[in-house]
Amino acid sequence: MTAALEAKNIIFGYGEKMVLKNISFSVAEKDFTGIIGPNGSGKSTLLKILSRSLRPGSGSVLFRGEDIFKLDTKLVASKIAIVPQEELSIFPFTVFETVLMGRAPYINRFSWESREDISIAESAMELADIKHLRDRNLDELSGGERQRVLIARALAQMPKILLLDEPTSHLDINHQFDILELIRKLNENAGITVLMVSHDINIAAKYCKELVMLKDGKIFKHGPSHEVITKEIIKEVYGVEVRLVKFAGSKTPAVLI
Amino acid sequence: MKAKVIKYSLLGIIFMLACAVAGIFIGSVKLPAADVLNILLSKIPVIGGNIPHTWQSGVEDILLKLRLPRVILGLFVGASLAVAGAVFQGLLRNPLAEPYLLGISSGAALGTALVVLLNIPFYLLFIPSIPLAAFCGGLVSMFLVYALARTRGKLPVQTLLLSGVVINFSFSAIIMLFITVSNKGLAEITFWILGSLNNANFALLPYVIGGCALIMGIIYLFANDLNVISMGEETAVYLGVAAEKVKKLMFVLTSLLTGLAVSVSGLIGFVGLIVPHIARLIAGPDHRVLLPFAAFLGAGFLVLADVLCRTLFSPVEIPIGVVTSILGGPFFLYLLKRKK
């Protein structure tokens, strides 16, 4: 079966410094994969390449077998949606206007959003639980609310794949929980393939079915979460001794310092 | 969304027409309203022949040779500068961007001044040479500013404005040098550096009207792309907008638009700053609503400013750039402060 998303021999460097050294992995349809690793391991750079904001030095990224850098950009945007960490417009766009921009891949320059586009944006806001914020300006919102707006905009793209860059890094645990539960629901109920970068091992272990552990620009380990989160691997990658705590009903342990 | 465009466009058109009427009637010579109406009606084909010729020929001359062309010129120059400003602000994600502050206008003025001073023929291969030179000048200074301001792949606000100011000063100095050497006198310098709708080359009027309308129409097709690009270039890629291509096309189109405006009016600053901001405060940031609204507001605004120039110290006429800069300077400072 063709993978939903496949990275093939990706090499990337900033000038002399090699950041990604031959990365290859694939994400199956409807999977929920996390990319983890220490600071500087290349996880953000990798996500930037997968989301087309950087071009790899060599190698390719395939969506269902086709190179995303060669496909029509609007087509890719209707299949793969990206939720960036933060994004601020200099202009006071409202929440609704921002979410509606998620329909941009479907609108040509001679037409307006249809009734259908508007109702898709409305239901995306409902899913992300931001309907009550509809006419507020983005800069009046809290970090958690803004993150929801970006998720809603991504949902309005009606994507097959959702890429998220540290979706909970600025948030309190209650908002972390809400956002991650929302992503889990999208994955389980709507069948959206999810690929998420996180620096929080425990969050990644709890929510992701598969993990890609990066170290120094290489994949150190790729597999089911419980096989990646082990004392030995964490010692090897992060250089610290940790304790693992197992909970009843969960295959993957929690990591304690 | 469509309803919003229609609502604000109508609002803008009403404002613009009111300003145009003011521009036609206010001046040192009073024009009787009935005469103005009759003269205009008599110019309309078919029904025009039935209008009795009751006015003095002096009135007709003032209306058709002075006031009306000047008002029409003001409308198109104002609309063009406002739209160019709005587009620059969205593309560069910088609320302080506008063709004058970025130095684009001075490049266009230099191009025009060269053609005029070197007595280059009006047509070069059927293309009117003045707008062509203005366009090239604008494009050159845009590349210069871009190259000067670009640091490590980014365009920081401060360096961008500084580069614009430097280009502006240098090009203005070169214009002054050329004019001084060619013995054209101070009036000519004032015209180029401070702008004026007086003494405009009315032979260029049809090109300015046609060109500006066409370019603004094309820009409007990219209004939604501008919305997405104003959220950031990465976001634009995520949402399927070919940001690099659209940006290049917009830069060329806005240079052309600025060039056309400058070739007939000289350097008029701050219109592209003030008008889009006021338009955005009233109509919101969506470029599909904003661009036409800013165009109409800018058109009316410049005609009003021109009325002030003609009447404030009549019979002395002040350059229009003086009026717009006196209004624009504090506005710029306010925006700069608010940003911090």
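Residues numbered from 1 in each chain as written. Chains lettered and ligands numbered in written order. Predicted model: local features only at pLDDT ≥ 70, side-chain atom pairs only at ≥ 80, totals over all residues.

## With respect to the sheet that holds strand β5 (residues 66–67) of chain A
Two orientations exist for strands paired in a sheet by backbone hydrogen bonds: parallel and antiparallel. Residues and elements named next belong to chain A. Applied cut-off: Between any two strands, at least two bridges found by DSSP are needed for them to pair. By definition, any uninterrupted DSSP run of H or I lasting at least four residues is a helix, any uninterrupted run of E lasting at least two residues is a strand, and each is numbered from the N terminus. We call two residues in contact when the distance between their C-beta atoms, placed using the backbone, is within 7 Å. Only the stretch in contact is used when a helix axis is fitted, and all axes are lines through C-alpha atoms; the angle between N-to-C directions ranges over 0 to 180 degrees.
One open sheet holds the four strands; their spatial order is β2-β1-β4-β5, and the pairing between them is antiparallel. Sheet topology places β2 (17–27) and β5 at the edges, where each strand pairs with a single neighbour. Relative to strand β4 (residues 58–63), strand β1 (residues 5–14) runs antiparallel, the two being bridged by five bridges. Directly across from A7, in β4, lies its bridge partner V61. The strands touched by helix α1 (residues 43–50) within the sheet are β1, β2 and β4, with β1 carrying the most contacts at an inclination of about 120°.

## What about unusual backbone geometry?
Residue and element names in this part refer to chain A. Short version of the rule: Three exposure classes are used. Buried residues have 20 or more other C-beta atoms within 10 Å of their own C-beta, exposed residues have 12 or fewer, and partly exposed residues fall in between, all C-beta atoms being placed from the backbone.
Positive phi outside glycine occurs at N9, with the angle close to 50°. Along the polypeptide, N9 turns up in strand β1. Taking the number of C-beta atoms within 10 Å as the measure of exposure, N9 has 12 and is therefore exposed. Although it is not a glycine, K30 adopts a positive phi angle of roughly 65°. Topologically, K30 is positioned in the loop between β2 and β3 (32–36). Exposure remark for K30: the 15 C-beta atoms within 10 Å place this residue in the partly exposed category.

## Re the confidence of the model for chain B
Filter applied, for reference: As a per-residue measure, pLDDT reflects the predictor's confidence and takes values from 0 up to 100.
For chain B, the average pLDDT comes to 87, and 98% of its residues sit at 70 or higher. The ipTM for the predicted assembly is 0.91, set against a pTM of 0.91.

## Some remarks on the nonpolar core
Condition: Each nonpolar core reported here comprises buried Ala, Val, Leu, Ile, Met, Phe, Trp, Tyr and Cys residues connected via C-beta atoms within 7 Å. Note: domain ranges come from an automatic or database domain assignment.
Within the largest apolar cluster, 180 residues are counted, with the highest numbers of intra-cluster contacts made by V99(A), A152(A), L162(A), A82(B), V83(B) and A294(B). When residues of this core are assigned to domains, at least three map to each of domain 1 (1–79 + 161–176 + 189–230) and domain 2 (89–158) of chain A. If near-sequence neighbours (up to four positions away) are discounted, A152(A) is found in contact with V99(A), A124(A), M125(A), A128(A) and I130(A).

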